[in-house]
Amino acid sequence: MKLSREDVLHISALCRMNLTDEEVERFRNQLSNILDNFEILQQVDTTDIPPTAYPIPLSNVTRDDEVAPSYPQSDILANAPRQEDGQFRVRAVLEQP
Amino acid sequence: MKGNDKLYDLTINQAHKLLNNRELSSVELTKAVLERISQVEDKVHSFVTVTNDPALQQAQEADARIKKGDASPLTGIPALIKDNMCTRGIRTTCSSHMLENFVPPYNATVVERLNQAGMVMVGKGNMDEFAMGSSNEHSAFHATCNPWDLERVPGGSSGGPAASVAASEAIYSLGSDTGGSIRQPASFCSIIGMKPTYGRVSRFGLVAFASSLDQIGPMTKDVTDAALVLNAIAGYDAKDSTSVDRPVPDYTKSLIPDLKGIKLGVPKEYFVAGMEEGVRKIIDAAITRLEQLGASVDREVSLPSTKYALAAYYIIAPSEAMANLARYDGVKYGYSYEGDSMWDAMEQTRGHGFGPEVKRRIILGTYALSAGYYDAYYVKAQKVRTLIRREFDEAFKRYDALITPTSPTVPFKIGEKTGDPLKMYLSDICTLPINIAGIPGLSIPAGFSDGLPVGMQILGKPFAEEMLLRVAYAYEQATEWHKQRPNL
């Protein structure tokens, strides 16, 4: 599986993670090699085999909706890179046209 | 105990007896461990953060508690916690620039439980960034060195927790294990490392890497200590929806020094191509020793899907990681890049905040989950996961435990594998199938090959931690490997 430069750039856009040109080239080569090795999975007959997402059987796990003390607002905002009036400050999602 | 200059070499069990008999105070013990850290940390680099003052305060509280006759086996005992478990008021970095200044507002459940038991936390342990790696060389801060040979790696990702216990910079530590991250460094550093059954220990407050594979466990100087730590951390937690509501036995009751009537199997697929001859000989000798202790051993067990485990793991784990690490967007906490726009800020935050191995796995996971490849990679890997689990289930109908090497090699040289990720991934070839299946595994020192540690891995069916501890304890009582300490 030979990845192209465009493939790597497409993936990096999907996960919103900037890569340098050097990283694009390095990951292109390394991932091509890794994916070649993963071809071994295509040898396995998995007809009628269900997928496993978790090693223990889990259905919807819920709890009672009980009122309990929460963390102080200041604790939760303490690690915020930018805050204003007791809220997280974020960049504009929709830019002015 | 005044005048004994090697208090730091004590086990939990030894220290507890001295504390309870008032022959030693927790403050004395804690000072001895902190002094040891100041002497050897320049060589080993196990820590991200040393917590001198809070540790001494916890030691004073422990001494008051012991005086009242209210001590648990862990009260007043100095421990190191891997730096991916949240500690309130003490930074929790995951050895990443992304979380370099992150100070959690709450404790992980395991930290909460150890605090209740009277832990003295001496610091936070270095690791591969976000627990992705097998050598600790992927820490964004510094590489940890193997106390047995400072030019070699301690293993990973719990390299700091393993090296600190081997170097007596902590009496015990907690690690986390997603594909071998407790057991492989335990093997490399000649200590005990146990990954409990998935769901046995709460993951609440453990920074998520791969949620269906991660599990927290003890790293200790001997098997008794592993049982004592597991007693304290195991059990249901309503804050972790994947924790299992099931009674916790007293694991020290499993410490029985013979193996009469125990049926062991040795899966031949774990003696892989590329396995070092020195490792093979030591594991063979260890298996013979288990037979002498009364176990019956079948050396011809086959788990044929084992050869697909590496590929399945390196699709499943990065896929879960890319989803878990989507939260690092520079808004709520962690590193944040100012940027020209919302998207630019996010892309640069992630581009600058993550190190090379984390980026590689995010890219790999994103690829495996992307349109057109989801069925071929991710779903296929999940089906192979079912096959691997079924083979273990079948084997455990016939055997009480399975025996394998923990790692195909002794600790490798720093820098030896960083250039080739696939070579590094192969270091976990014997440990990652266990996470895929969700079963428990334990690594125990089994000897030295040219002076370098070799670990034996013991595997059991889900929730068979007692059986693993029994096999390990019987072997330990018949050998001296666990009593050896590196010269530092």
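Above this text is the structure in question.
Computed from a predicted model, the values in this text were never measured in an experiment.

K.L.:
Even after reading the chapter, I still don't get the side chain of Asp177(B), so can you show me in this structure?
P.N.:
Residues and elements named next belong to chain B. Within the secondary structure, Asp 177 sits in strand S4 (residues 172-177). A polar contact of 3.1 Å, which involves the side chain of Asp 177, links it to the backbone nitrogen of Ile 182. Side chain to side chain, Asp 177 and Asn 435 meet in a polar contact 3.1 Å long. Look past the residues within four positions of Asp 177 in its chain and what remains in contact with it is Ile 182, Arg 183, Lys 195, Leu 213, Asp 214, Gln 215 and Asn 435.

K.L.:
Is there a simple way to think about the sheet that holds strand S8 (residues 296-301) of chain B in this case?
P.N.:
Sheet strands associate in pairs through backbone hydrogen bonding, adopting either a parallel or an antiparallel arrangement. Residues and elements named next belong to chain B. Pairing is mixed across the open sheet formed by 11 strands, whose spatial order is S1-S3-S2-S4-S6-S5-S10-S11-S9-S7-S8. The sheet is open, and its two edges are formed by strand S1 (47-50) and S8, each paired on a single side. Neighbouring strand axes in the sheet, compared pairwise and without regard to direction, differ in orientation by 30° on average. Sheet topology places strand S2 (residues 78-82) next to strand S3 (residues 120-125); five bridges connect them, and they run parallel. Bridge pairing links Ile 81 to Lys 124 in S3. Across the face of the sheet, helix H7 (residues 223-233) comes into contact with S4, strand S5 (192-195), strand S6 (215-220) and strand S10 (441-449) while running at roughly 145° to S6. Packed onto the sheet, helix H15 (residues 465-477) meets S5, strand S7 (263-267), strand S9 (401-405), S10 and strand S11 (452-459) and runs at close to 20° relative to S10.

K.L.:
Would you mind showing me how to read the interface of chain A and chain B here?
P.N.:
Interface extent is often summarised as the accessible area lost during association of the parts. Counting residues at the interface gives 51 residues for chain A, matched by 68 residues for chain B. For the chain A and chain B pair, buried surface summed over both sides reaches about 5300 Å², with 66% attributable to carbon and sulfur atoms. A per-residue breakdown of the area chain A buries against chain B is headed by Arg16(A), Leu41(A) and Arg91(A), which together make up 14% of the total. At the junction of chain A and chain B, the tally comes to four salt bridges. Notably, a salt bridge pairs Glu347(B) with Arg16(A), separated by 2.8 Å at the nearest N-O pair. Our enumeration of links across chain A and chain B arrives at 21 residue pairs in polar contact (both at pLDDT 80 or more).

K.L.:
Quick question: what am I supposed to make of the pairing of S8(B) here?
P.N.:
Taken residue by residue, a regular strand's side chains alternate between the two faces of the sheet. Residues and elements named next belong to chain B. Two elements, S7 and S8, share four bridges in a ladder whose sense is parallel. Of the residues in S8, the one forming a bridge with Gly 265 is Asp 298. Regarding the hand of the β-α-β motif, the stretch spanning S7, helix H8 (residues 277-292) and S8 is right-handed.

K.L.:
Hey, could you run me through the packing of aromatic side chains in this one?
P.N.:
Given two aromatic rings, one states the distance between the centres and the angle between the planes to describe the pair. Considering all chains together, one arrives at 18 aromatic pairs over all chains under this definition. Aromatic pair Tyr314(B) and Tyr425(B): ring centres 3.9 Å apart, planes at 10°, arrangement stacked. Placement of the pair is Tyr314(B) in helix H9 (residues 309-324) and Tyr425(B) in helix H13 (residues 421-425), with a sequence separation of 111 residues. Assigned by exposure class, Tyr314(B) and Tyr425(B) land together as buried. Consider the rings of Tyr328(B) and Phe354(B), whose centres lie 6.1 Å apart with planes at 85°: the pair is edge-to-face. With Tyr328(B) in the loop between H9 and helix H10 (342-353) and Phe354(B) in the loop between H10 and helix H11 (356-369), this residue pair connects regions lying 26 residues apart in the sequence. Classification of Tyr328(B) by relative accessible area gives buried; the value is 3%. Overall, Phe354(B) belongs to the buried group, its relative accessible area being 4%. Of the aromatic side chains, those joined through ring pairs into one cluster are Phe102(B), Phe130(B), Tyr328(B), Tyr333(B) and Phe354(B). A cation over an aromatic ring shows up here: Arg16(A) above the ring of Trp343(B), its NZ or CZ 3.6 Å from the ring centre. Sitting over the ring of Phe412(B), Lys417(B) keeps its end group 4.4 Å from the ring centre.

K.L.:
Help me understand helix H2 (residues 26-44) of chain B in this model?
P.N.:
Given 3.6 residues per helical turn, the α-helix brings residues three or four places apart onto the same face. All names here are of chain B. Along H2, the helix axis deviates most sharply at Ser 38, where the bend reaches about 40°. Within the sequence span of H2, burial applies to Ser 26, Val 27, Leu 29, Thr 30, Ala 32, Val 33, Leu 34, Arg 36, Ile 37, Val 40, Glu 41 and Val 44. For H2, the secondary structure elements touched by its buried residues are helix H1 (12-20), S1, helix H3 (52-67), S2, S3 and helix H5 (159-166). Immediately downstream of H2, the backbone of His 45 shows phi near 60°, a positive value.

K.L.:
Mind showing me how you'd approach H9(B) here?
P.N.:
With 16 residues, H9(B) should cover 22 Å at 1.5 Å per step; its first-to-last C-alpha distance of 22 Å lies within 8% of that length. Where burial is concerned, most of H9(B) is hidden: 15 out of the 16 residues are buried.

K.L.:
Is there a simple way to explain the pattern of salt bridges in this structure?
P.N.:
Where charged atoms of side chains with opposite charge meet at close range, the side chains can pair. All told, the structure shown has 24 salt bridges over all chains when counted by the stated rule. With a shortest N-O distance of 2.7 Å, Lys359(B) and Glu23(A) are connected by a salt bridge. On the criterion of chain membership, the pair formed by Lys359(B) in helix H11 and Glu23(A) in helix H2 (residues 21-38) is interchain, its members lying in two chains. Ionic pairing is found between Lys397(B) and Glu394(B), a salt bridge with its closest N-O pair at 2.7 Å. With Lys397(B) and Glu394(B) both in helix H12 (residues 374-398) and three residues apart, this pair spans about one turn of that helix. You can call Glu394(B) partly exposed: its relative accessible area is 43%.

K.L.:
How do you make sense of the nonpolar core when you look at a structure like this?
P.N.:
General note: in soluble globular proteins, nonpolar side chains tend to be found buried as a group. Residues and elements named next belong to chain B. One finds Phe 130 and Phe 392 to be the most contacted residues of the largest nonpolar core, which totals 159 residues. For this core, the element with the highest residue contribution is H9, accounting for 11 residues. Residues in contact with Phe 392, not counting those within four places in the same chain, are Tyr 270, Leu 303, Leu 402, Pro 433, Ile 434, Ala 437, Ile 439 and Leu 459. By size, the runner-up hydrophobic cluster in this structure holds 13 residues, among which are Ala 162, Ala 163, Ala 186 and Met 219.

K.L.:
I keep staring at unusual backbone geometry and nothing clicks. Help me out?
P.N.:
Across residues other than glycine, the phi torsion is negative in most instances, and most of the peptide bonds are trans. Residue and element names in this part refer to chain B. Of note, the amide linkage connecting Gly 156 to Ser 157 takes the cis form, showing an omega dihedral of 10°. If you check the backbone angles, Ser 95 has positive phi at about 50° while not being a glycine. Within the element layout of this structure, Ser 95 appears in the loop between S2 and helix H4 (109-117). Phi angles above zero are rare outside glycine, and Ser 190 is one such case at about 60°. Examined against the element boundaries, Ser 190 turns out to sit in the loop between helix H6 (183-189) and S5.

Calculation criteria
- Residues numbered from 1 in each chain as written.
- Chains lettered and ligands numbered in written order.
- Predicted model: local features only at pLDDT ≥ 70, side-chain atom pairs only at ≥ 80, totals over all residues.
- Heavy atoms only, no water.
- Helix = DSSP H or I, 4+ residues; strand = E, 2+ residues; numbered from the N terminus.
- Polar contact = N/O pair within 3.5 Å; in protein donor to acceptor, adjacent residues only side chain to side chain.
- Contact = heavy atoms within 4.5 Å.
- Pairing = 2+ DSSP bridges.
- Axes fitted to C-alpha atoms, helices over the stretch in contact; angles between N-to-C directions.
- Buried area = accessible area lost by both parts, 1.4 Å probe.
- Salt bridge = Lys/Arg side-chain N within 4 Å of Asp/Glu carboxyl O.
- Right-handed = clockwise from strand over helix to strand, strands pointing away.
- Phe/Tyr/Trp six-rings, centres within 6.5 Å; stacked < 30°, edge-to-face > 60°.
- Buried < 20%, exposed > 50% of the residue type's maximum accessible area, 1.4 Å probe, protein only.
- Lys NZ or Arg CZ within 6 Å of the ring centre and 35° of its normal.
- Bend = angle between axes of the 7 residues up to and from the residue.
- Expected span 1.5 Å × (residues − 1).
- Core = buried A, V, L, I, M, F, W, Y, C linked by side-chain atoms within 4.5 Å.

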